[in-house]
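# Residue-level structure breakdown
These are the residues of each chain, in order.
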Amino acid sequence: MIFNRATVLLGCLFTLSSSFSVNADDSAYFDERTYLSDLPVVISASRLEQPELEAPGAVTVLDRDDIISSGARTIPELFYQVPGFQVGRFTGSEYVVASHGFSDHYSRRLQVLVDGRSIYTPAFGGIVWESLPIHINDIERVEIIRGPNATLYGSNAFNAVINITTRFAAGTTPQSISYTHEDRDNYSGHASASIVESRYEIGMNANYRENSGFGKIPSDQTTPTNPNTGQPYDEMQDSIRSRAANIMWRYQASTQLEISSDMGLLDAVRDFGDGVIDDPYRDMNIDSDYYRVRFDYTSDHGNHLSLQAFHSAVDLQDGDAVVPLSVPFDNPALGGGVDVSTSFKEVRQEIELQFTPELDSNLRLVMGGSYRKDTIEGEQGRIFRDDKSTLNLGRIFINSEWHASQDWILGAGVMAEDHEHSGSSYSPKLSAIYKVTPHQAFRVIASRAYRTPTAWEEEGILRFYLPVQPLEQLISQATGMPIDFPADRLDYQAYQTEGNLENEEITSFELGYKFVPNENTKLDIRLFREDIDDMIAIYSRPFDLVAQGLLNNNQIQTIEGLNNTIGFDSSALTNAIGSGNAYNFRNLVDIDINGLELEGEHAINDSFQILGGFAWLDSQIERYADPANGIVEDNMENNRKTLNNSVPEYSGFIGGRFTPTNNHLLALTFYHFDEYEWHGAGDDDLGETQFFRLYAQATHEYTHYAWKMGVGAVIRAEPFRDIDNKNAFQNHLFSTVGVDF
């Protein structure tokens, strides 16, 4: 049904496109001209190319110069430079990027696009950054919309939208080779090449990365202990080794039709686990691939139509994840093991149609629609309720921009979606921009957005299985009585979600001011309020094996009486399988956020530029309960505190960029984040985060090539941990060398 509705809608849009006149430069497809304008232009805020001053929202733009001077070695590190964003690592190889807090391993309230392709994972939500087959050297530009924009990008554009444009999509694929080496034997290599002819272009790149993780805890800091072994965490098991390749091509079939395509793959091995019973040391293999094809057609009358289709897949295969039972129960005689493997595979297929009619010189429109199919596979009862889930999504959108006068620009848009889990939803947005002068403007924006539950929140059932045959034998030997459990395995630990979740909803109001006198100076001020209703939160509840039919009361009493008989403390077993907790998701939370975000940059002269950003966030939880399901607020105080503490009150950065010549660069940036915590980290009060990033680069140009040499450092202002108590941040030194042909 949803496929039929989406098909009809796309067909209607295609037919309508032939009736309107459109400027081809309004396409959502970037080209090099977009970046060479006299004044900064953006496209992500409205899907219409426009001066940054007229964008209906707060947009942070990171161009190629910003990417280089940041000294970032990975893509997530770029977002330290975005007001209101938080960046951290759960392990040395697992990054997480969040906006306005509320994040655990995955930031479920961000939409991230790479050349128009959504990389939001349907299984767990958020972004598996280490599965992306692109290198930071492949990126030409990043636009970040700070605020909801589900009107254009769908239900998961909840807090912000990150739009990454690669160098090939921007028409700037160089021939280059580079190598970066960090301390503790971390290194990466990257190579790219292109062939350009009159009507076609082919680009290729490949990269290899090895990251050894956090390393040893410094001697001047307390070393936490492994709760399972009692031994200190002195060497982390969190390294990653990956290799990736991409190939892209673009063909100008005629003056009207351009066809482009790209594909890529990645293969990675990540050392995984904390060494505890439900997270043992093991390898995890990550394989991902994607391919995309796009058609851009411009008619004789100027009508522009784009059609894009893509396929992507991520396959995470847990390694040998069977833990001997002697680990939790200290009795090798039990034998067997607990299988905690969490392998899964997800596949996304999507087709999108878009066109941008211009009815007259003062009114512009962009319309479109898409159909998406997500398929998730995992062993039944181990990760998800079924061994295979299929999620369908259909959507249409329309967005308008009306220049009512020389000073006023009014905007309106809406997205209609139909989702497999949560049904139909509508995301509207209204905006008004008043240009005080040609270089400064005020804006007022009201919008509503939704976030659909992920497959994990809706269908997750994670069980660690305990074989019962050895246990039956020991009990029979100890008591002289045969015992037969009703199942051949028992649940050691479980997530048992009940589903039937509602969409999260955010209503946002924004008042902003922007000053852009030239391409080297800008100031953006954003005051906002975000009202979030029905936020999905996790809570624990007793998992009753008697009620589940896995044990009866007599069998539990028998287990409890075996302490001296079979030589181990059976309380551990009783707690694990008899009265443990299962985790569930519910729409528990209503929360309000008031905030202020500042962002600016200014070129003092041709050689020196300063830049900075600041965010103040005040979160107030209005509800944390679900009385209809017996979840009352009095019993949720600890979760309430953790959620509120995940929003840092103050954060910001300030830096300078010095370029005495075109061939030399020196950049220094200081970052500060107020104390906050991440969900699932297990440690509170990790303190404030403060560090400096220093980067210097020299370029020596020759007739046909240019050598580039850079050195950098990340220096902590004071000791701190990254997300978890065992992730001690250490100073980093790195150097890079490369050549562009």
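Calculation rules
- Residues numbered from 1 in each chain as written.
- Predicted model: local features only at pLDDT ≥ 70, side-chain atom pairs only at ≥ 80, totals over all residues.
- Heavy atoms only, no water.
- Helix = DSSP H or I, 4+ residues; strand = E, 2+ residues; numbered from the N terminus.
- Buried < 20%, exposed > 50% of the residue type's maximum accessible area, 1.4 Å probe, protein only.
- Contact = heavy atoms within 4.5 Å.
- Salt bridge = Lys/Arg side-chain N within 4 Å of Asp/Glu carboxyl O.
- 1 Å grid on protein atoms, 1.4 Å probe; cavity = no way out; pocket = protein on both sides within 12 Å on 5 of 7 lines; lining within 4 Å.
- Points joined across faces, edges and corners; volume = space filled by probe spheres on them.
- Phe/Tyr/Trp six-rings, centres within 6.5 Å; stacked < 30°, edge-to-face > 60°.
- Pairing = 2+ DSSP bridges.
- Polar contact = N/O pair within 3.5 Å; in protein donor to acceptor, adjacent residues only side chain to side chain.
- Core = buried A, V, L, I, M, F, W, Y, C linked by side-chain atoms within 4.5 Å.
- Patch = residues over 30% accessible without salt bridge, like charges linked within 9 Å, V, L, I, M, F, W, Y side chains within 5 Å.
- Areas by Shrake-Rupley, 256 points an atom, 1.4 Å probe, with all protein chains shown as cover.
- pLDDT = per-residue confidence, 0-100.

## Comments concerning the overall build of the protein chain
Looking only at helices and strands, one finds ten helices and 35 strands in the protein chain. The buried share of the protein chain, reckoned over its 741 residues, is 58%. A fraction of 67% describes how many contacts in the protein chain between residues 6 or more apart in sequence connect residues 24 or more apart.

## A look at the pattern of salt bridges
Scanning all chains against the criterion turns up 42 salt bridges. Two residues, arginine 448 and glutamate 505, come together in a salt bridge whose shortest N-O distance is 3.6 Å. Highlighted residues: arginine 448 in strand β24 (residues 440-451) and glutamate 505 in strand β27 (residues 504-518), separated in sequence by 57 residues. According to the relative accessible area criterion, arginine 448 is partly exposed, its value standing at 34%. Connected via shared salt-bridge partners are Glu52, Arg146, Arg443, Glu510, Lys514, Lys522, Asp524, Arg526, Glu530, Glu597 and Glu599.

## Observations concerning empty space enclosed by the protein
On inspection of all chains with the given rule, the structure shows 15 cavities of 30 Å³ or more. Taken together, 31 residues make up the lining of the largest cavity; nearest its centre are Arg73, Thr74, Ile75, His135 and Arg209. The set of elements that each furnish at least two residues to the lining of the largest cavity consists of β10 (176-182), β11 (186-196), β12 (200-211) and β13 (240-252). Considering each element in turn, the lining of the largest cavity owes the most residues, four residues, to β12.

## Describing the packing of aromatic side chains
Enumeration over the complete set of coordinates arrives at 21 aromatic pairs. Where phenylalanine 670 meets phenylalanine 692, the ring centres are 4.8 Å apart and the plane angle is 45°; that geometry is what we call tilted. Pair noted here: phenylalanine 670 is in strand β32 (residues 664-673) and phenylalanine 692 is in strand β33 (residues 689-701), with a separation of 22 residues, a long-range link. Taking the relative accessible area as the measure of exposure, phenylalanine 670 reaches 24% and is therefore partly exposed. Using a relative accessible area of 32% as the deciding quantity, one classes phenylalanine 692 as partly exposed. Each residue in the set Tyr80, Phe653, Tyr671, Phe673 and Phe691 is aromatic and connected to the rest through ring pairs, giving one cluster.

## Focus on the sheet that holds strand β3 (residues 59-62)
With respect to topology, five strands assemble into an open sheet ordered β3-β8-β9-β6-β7, the strand pairing being mixed. Of all the strands in the sheet, the pair left with one neighbour each is β3 and β7 (117-118). Judged from the five bridges that link them, strand β6 (residues 110-114) and strand β9 (residues 160-166) form a sheet pairing that is parallel. Along β9, the bridge assignment pairs leucine 113 with asparagine 163.

## A closer look at unusual backbone geometry
Backbone geometry places arginine 47, a non-glycine residue, at a positive phi of 65°. Here arginine 47 lies in the loop between β1 (41-42) and β2 (50-51). On the basis of relative accessibility, which here comes to 8%, the residue arginine 47 falls in the buried class. Of note in the backbone geometry, aspartate 115 takes a positive phi value of approximately 50° without being a glycine. Along the chain, aspartate 115 turns up in the loop between β6 and β7. Exposure remark for aspartate 115: the relative accessible area of 14% places this residue in the buried category.

## Things to note about the environment of threonine 180
On the secondary structure map, threonine 180 appears in strand β10. For threonine 180, a relative accessible area of 14% corresponds to the buried category. Separated by 557 residues in sequence, threonine 180 and valine 737 have C-alpha atoms that sit 6.6 Å apart. Setting aside residues up to four positions removed in sequence, threonine 180 forms contacts with Arg73, Asn186, Tyr187, Ser188, Ser735 and Thr736. Only 3.0 Å separates the side chain of threonine 180 from the side chain of threonine 736, close enough to count as a polar contact.

## Remarks on the side chain of serine 155
On the secondary structure map, serine 155 appears in the loop between α4 (150-153) and β9. Those residues in contact with serine 155, other than ones at most four positions away along the chain, are Ala150, Arg395, Glu417, Tyr450, Arg451 and Thr452.

## Describing the side chain of serine 651
Inspection of the secondary structure puts serine 651 in strand β31 (residues 650-658). Apart from residues lying up to four places away in sequence, serine 651 is in contact with Gly84, Gly613, Phe614, Ala615, His672 and Phe673.

## Considering the nonpolar core
Counting residues in each nonpolar core, the largest one holds 45 residues, and the members touching the most others are Phe79, Phe85, Trp129, Val142 and Ile162. Per element, the largest residue contribution to this core is four residues, and it comes from strand β5 (residues 94-99). When near neighbours in sequence (up to four residues on either side) are disregarded, valine 142 contacts Thr60, Val61, Leu62, Leu78, Phe79, Ile162, Asn163 and Ile164. Core analysis: the second largest hydrophobic core is formed by 22 residues, Ala123, Ile376, Trp456 and Leu462 among them.

## Remarks on the environment of valine 161
Mapping valine 161 onto the fold places it in strand β9. Taking the C-alpha atoms as reference, valine 161 lies 9.8 Å from serine 99; in sequence the two are 62 residues apart. Contact partners of valine 161, with chain neighbours within four places excluded, come to Gln111, Glu143, Ile144, Ile145, Asn149 and Tyr153.

## Looking at a nonpolar patch on the surface
Together, Ile604, Phe608, Ile610, Phe658, Leu666, Leu668, Phe692, Leu694 and Ile715 make up an exposed nonpolar region whose accessible area comes to about 720 Å². Among the secondary structure elements, those contributing two or more residues to the nonpolar patch are β30 (608-624), β32 and β33. As for its position among the elements, leucine 668 is in strand β32.

## Re the confidence of the model for the protein chain
Across the protein chain, pLDDT averages 80, with 76% of residues at or above 70. Here residues 566-572 is a poorly scored stretch, pLDDT under 50, and it has 17 contacts once near neighbours within four places are set aside; other chains count.

## Section: the pairing of β11
Sheet analysis places β10 next to β11, joined by seven bridges and oriented antiparallel. Along β11, the bridge assignment pairs isoleucine 177 with alanine 191. Counted along the chain from β10 to the antiparallel partner β11, the turn is three residues long, and its residue arginine 184 has a positive phi close to 60°. Relative to β12, β11 is paired through ten bridges, and the arrangement is antiparallel. The partner of isoleucine 195 across the bridge, within β12, is isoleucine 202.

## Describing the pairing of β6
With five of five residues buried, β6 is to be regarded as a mostly interior element. Of the two faces of β6, both are covered, the one formed by Leu110, Val112 and Val114 as well as the one formed by Gln111 and Leu113. Alignment of β6 against β7, held across two bridges, turns out to be antiparallel. Each bridged residue has a counterpart across the sheet, and for valine 114 the counterpart in β7 is arginine 117.

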